[in-house]
Amino acid sequence: MESAPDHIIHWVASQILPHEADVRAWLMRARLGRDDAEDILQESYCRMAELSHIEHITSPRAYFFTVARNIALMRLRRARIVRIESVDEIDRLEVMSDLPSPEQVSVARSDLARLKRVIATLPARCRQVFEMRKIEGLPQKEIARRMGLSEHMVENDAAKALRLIMKAMAEDEPRLQPRKEYMRGTDAGRN
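Quantities reported herein were computed from a predicted structural model and do not represent experimental measurements.

Draft legend 1. Spotlight on the overall build of the chain. If you tally the helices and strands in the chain, you get nine helices and zero strands. Here the chain holds 191 residues, and the buried ones make up 30% of them. Taking all contacts inside the chain whose residues are at least 6 apart in sequence as the whole, residues at least 24 apart take part in 64%. Working note: accessible area of the chain is about 13500 Å², and carbon and sulfur atoms make up 53% of it.

Draft legend 2. Region of the structure containing the packing of aromatic side chains. The full count for this structure, using the stated rule, is three aromatic pairs. Geometrically, the ring pair formed by W26 and F65 is edge-to-face, given 5.2 Å between the ring centres and 75° between the ring planes. Of this pair, W26 sits in helix α2 (residues 20-29) while F65 sits in helix α4 (residues 60-78), and the two are 39 residues apart along the sequence. For the residue pair W26 and F65, the accessibility class agrees, reading buried in each case.

Draft legend 3. Up close: the pattern of salt bridges. All told, the structure shown has seven salt bridges when counted by the stated rule. R47 serves as the salt-bridge partner of E43, at 3.1 Å between the closest nitrogen and oxygen. Taken as a pair, E43 and R47 lie in helix α3 (residues 34-49) at a separation of four residues, close to a single helical turn. Across the pair R125 and D157 runs a salt bridge whose closest N-O atoms are separated by 2.5 Å. Of the two residues, R125 sits in helix α7 (residues 124-135) while D157 sits in helix α9 (residues 151-172), which places them 32 residues apart along the sequence. Residues participating in the shared-partner salt-bridge network are E20, R24 and E38.

Draft legend 4. Here's a closer look at the side chain of E20. Within the secondary structure, E20 is located in helix α2. For E20, a relative accessible area of 17% puts it in the buried group.

About the criteria used
Residues numbered from 1 in each chain as written. Predicted model: local features only at pLDDT ≥ 70, side-chain atom pairs only at ≥ 80, totals over all residues. Heavy atoms only, no water. Helix = DSSP H or I, 4+ residues; strand = E, 2+ residues; numbered from the N terminus. Buried < 20%, exposed > 50% of the residue type's maximum accessible area, 1.4 Å probe, protein only. Contact = heavy atoms within 4.5 Å. Areas by Shrake-Rupley, 256 points an atom, 1.4 Å probe, with all protein chains shown as cover. Phe/Tyr/Trp six-rings, centres within 6.5 Å; stacked < 30°, edge-to-face > 60°. Salt bridge = Lys/Arg side-chain N within 4 Å of Asp/Glu carboxyl O.

Here it is as structure tokens:
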């Protein structure tokens, strides 16, 4: 067997290898045993080293999980004695993806909308400095020049805006607020 091209070796080292521990843990959760998991990992690396091109792979992490899953299923089918739990576990395990879940996307959109509302409530100069510094990525010196302010004033306004945003986000964040415990048969609103 000839060795893999350099670009494939580099891709495996930089994009696949960092996910090895996650794939190993995933295989162990499928109750395959340490030796089987190690064999599957090594066979996965061999399969990826045989690739002629990688441009079609958009999520290396998901690809690694898929290759390992397919190898595990193939090995289980070939085995003389197969624990039915192992096949069932592998079928139920979801392939990990780099993409955020729909829930994560929804929470992120909600957080972004809330942040935009908070920024809109900032005092005008603080808001303008904050947007120029944190959103547009302009240096303090450039903001000071554009707004006709000293760099010290720009620094103070940026810090003030950040403090106000953090305070408003913390006050608005229901996960950070203490929960009221409702006991059966009592009215918590009277306390």
